[in-house]
Amino acid sequence: DGGITQSPKYLFRKEGQNVTLSCEQNLNHDAMYWYRQDPGQGLRLIYYSQIVNDFQKGDIAEGYSVSREKKESFPLTVTSAQKNPTAFYLCASSTRTSGGANTGELFFGEGSRLTVL
Amino acid sequence: SQQGEEDPQALSIQEGENATMNCSYKTSINNLQWYRQNSGRGLVHLILIRSNEREKHSGRLRVTLDTSKKSSSLLITASRAADTASYFCATPNSGYALNFGKGTSLLVTP
């Protein structure tokens, strides 16, 4: 089945540790995104990538890093520099658009819940 | 930056009733989208309405868009318990992604 797979579903981290969240898609989508969601809040954009080997910072990129070496994969690393990393992280993908004003439907994974102990 | 704001924040209705939630946004858009999120799950796309459309239907969903007022509404008719979820509006940002509001939490009781 085509879709987006995020792993792990739950992750616990000690303060000072880096952790990497996996996101894989088999939808043949060019664009991929990482969002963060806090309780009772909307989604905030961390990073996005329109094409392999290229990515842009979103609104809250500080303390996070990404890579896009393959079309199918867009892993997110939460570094020790992220002051409050406990949150629900959502990965999404879409077909590439010609411009931001035409951004189409996003397909989301089931999320990864990170808790800092 | 969060472009859209949903209203109300929470809505509780009984099965069979209609649910209406609203979204206001700040800047001109090319399209507006609505998503649903069940508790602890990822978001699911419901409907996309373009700026040159005023109304769109999909099953029990009806979406309207008023670009002059920079607002949209999502109507769910004949609600079911399975419609219990959070609903988000989303608009394209200045780059190549979507901005999401904080959502409306809908509870449908049997």
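Our subject is the structure listed above.
Residues numbered from 1 in each chain as written. Chains lettered and ligands numbered in written order. Predicted model: local features only at pLDDT ≥ 70, side-chain atom pairs only at ≥ 80, totals over all residues. Heavy atoms only, no water.

J.: Is there a simple way to think about the overall build of chain B in this case?
T.: In terms of regular secondary structure, chain B is built from 0 helices and 11 strands. Across chain B, helices and strands are ordered from the amino to the carboxyl terminus as β-β-β-β-β-β-β-β-β-β-β. Relative to the 2.2 N^0.38 estimate, which gives 13 Å for 110 residues, the radius of gyration of chain B is 13 Å and therefore close to what a compact globule would have. For the C-alpha atoms alone, the extent of chain B along its principal axes is close to 40 × 30 × 20 Å. Out of the 110 residues belonging to chain B, those deemed buried represent 45%. In the structure as shown, chain B presents an accessible area of about 5100 Å², 44% of it carried by carbon and sulfur atoms. Charged side chains in chain B number 12 positive and 9 negative. The centres of these two groups are separated by 6 Å. (Helix = DSSP H or I, 4+ residues; strand = E, 2+ residues; numbered from the N terminus. Rg over C-alpha atoms; globule rule 2.2 N^0.38 Å. Buried < 20%, exposed > 50% of the residue type's maximum accessible area, 1.4 Å probe, protein only. Areas by Shrake-Rupley, 256 points an atom, 1.4 Å probe, with all protein chains shown as cover. Lys, Arg positive; Asp, Glu negative; His and termini not counted. Charge placed at Lys NZ, Arg CZ, Asp CG, Glu CD.)

J.: Explain the sheet that holds strand β6 (residues 55-58) of chain B here, please?
T.: Sheet strands pair via backbone hydrogen bonds, and the direction of the pair is either parallel or antiparallel. Residue and element names in this part refer to chain B. Spatial strand order, β1-β3-β8-β7-β6: 5 strands in an open sheet with antiparallel pairing. In this open sheet, the two edge strands, each paired with only one partner strand, are β1 (5-7) and β6. Neighbour to neighbour, the strand axes of the sheet diverge by 20 degrees on average, direction disregarded. Bridge count for strand β7 (residues 61-66) against strand β8 (residues 71-76) is 6 bridges, and the pairing is antiparallel. Across the sheet, the residue bridging to T64 is S73, located in β8. (Pairing = 2+ DSSP bridges. Axes fitted to C-alpha atoms, helices over the stretch in contact; angles between N-to-C directions.)

J.: What exactly am I supposed to notice about the packing of aromatic side chains here?
T.: Each pair of aromatic rings is reported with the distance of its centres and the angle of its planes. Applying the stated rule across the entire model yields 8 aromatic pairs over all chains. Aromatic side chains Y35(A) and F100(B) sit 5.3 Å apart centroid to centroid with 85 degrees between the ring planes, which places their arrangement in the edge-to-face category. Of this pair, Y35(A) sits in strand β4 (residues 31-37) while F100(B) sits in strand β10 (residues 98-100), placing the two residues on different chains. Each member of the pair Y35(A) and F100(B) is classed as buried. Relative to Y89(A), the ring of Y64(A) lies with its centre 5.9 Å away and its plane at 65 degrees, an arrangement referred to as edge-to-face. Here Y64(A), found in strand β7 (residues 64-66), pairs with Y89(A), found in strand β9 (residues 87-94); they are 25 residues apart in sequence, far enough to count as distant. (Phe/Tyr/Trp six-rings, centres within 6.5 Å; stacked < 30°, edge-to-face > 60°.)

J.: I would appreciate a short explanation of the state of the cysteines in the present structure.
T.: Among covalent bonds in proteins, the disulfide is the one between the sulfur atoms of two cysteines. Residue and element names in this part refer to chain A. Counted by the stated rule, this structure contains 2 disulfides over all chains. Covalently, C23 is tied to C91 through a disulfide, its sulfur atoms 1.9 Å apart. Negative torsions about the S-S bond denote left-handed disulfides, and the value of about -75 degrees found for C23 with C91 makes this one left-handed. Linking C23 in strand β3 (residues 19-25) with C91 in strand β9, this pair joins segments that are 68 residues apart in sequence. Residue C23 shares its accessibility class with C91, and that shared class is buried. (Disulfide = S-S within 2.5 Å.)

J.: Can you walk me through the interface of chain A and chain B in this structure?
T.: It is common to report an interface's size as the accessible area lost on association of the parts. Across the contact, 28 residues belong to chain A and 24 residues belong to chain B. Here chain A meets chain B over a buried area of about 2000 Å², counting both sides, of which 50% is carbon and sulfur. Seen at the junction of chain A and chain B, the total is 1 salt bridge. With a closest N to O distance of 2.3 Å, E110(A) and R41(B) form a salt bridge. At the boundary of chain A with chain B, the tally comes to 4 residue pairs in polar contact (both at pLDDT 80 or more). Breaking the side of chain A that touches chain B down by element, the ones donating at least two residues are β4, β5 (43-51) and β9 of chain A. When residues in the side of chain A that touches chain B are grouped by element, the largest group, 4 residues, is from β5(A). Residues that form the side of chain A that touches chain B fall into these classes: 10 nonpolar, 13 polar and 5 charged. (Contact = heavy atoms within 4.5 Å. Buried area = accessible area lost by both parts, 1.4 Å probe. Salt bridge = Lys/Arg side-chain N within 4 Å of Asp/Glu carboxyl O. Polar contact = N/O pair within 3.5 Å; in protein donor to acceptor, adjacent residues only side chain to side chain. Nonpolar A, V, L, I, M, F, W, Y, C, P; charged D, E, K, R; others polar.)

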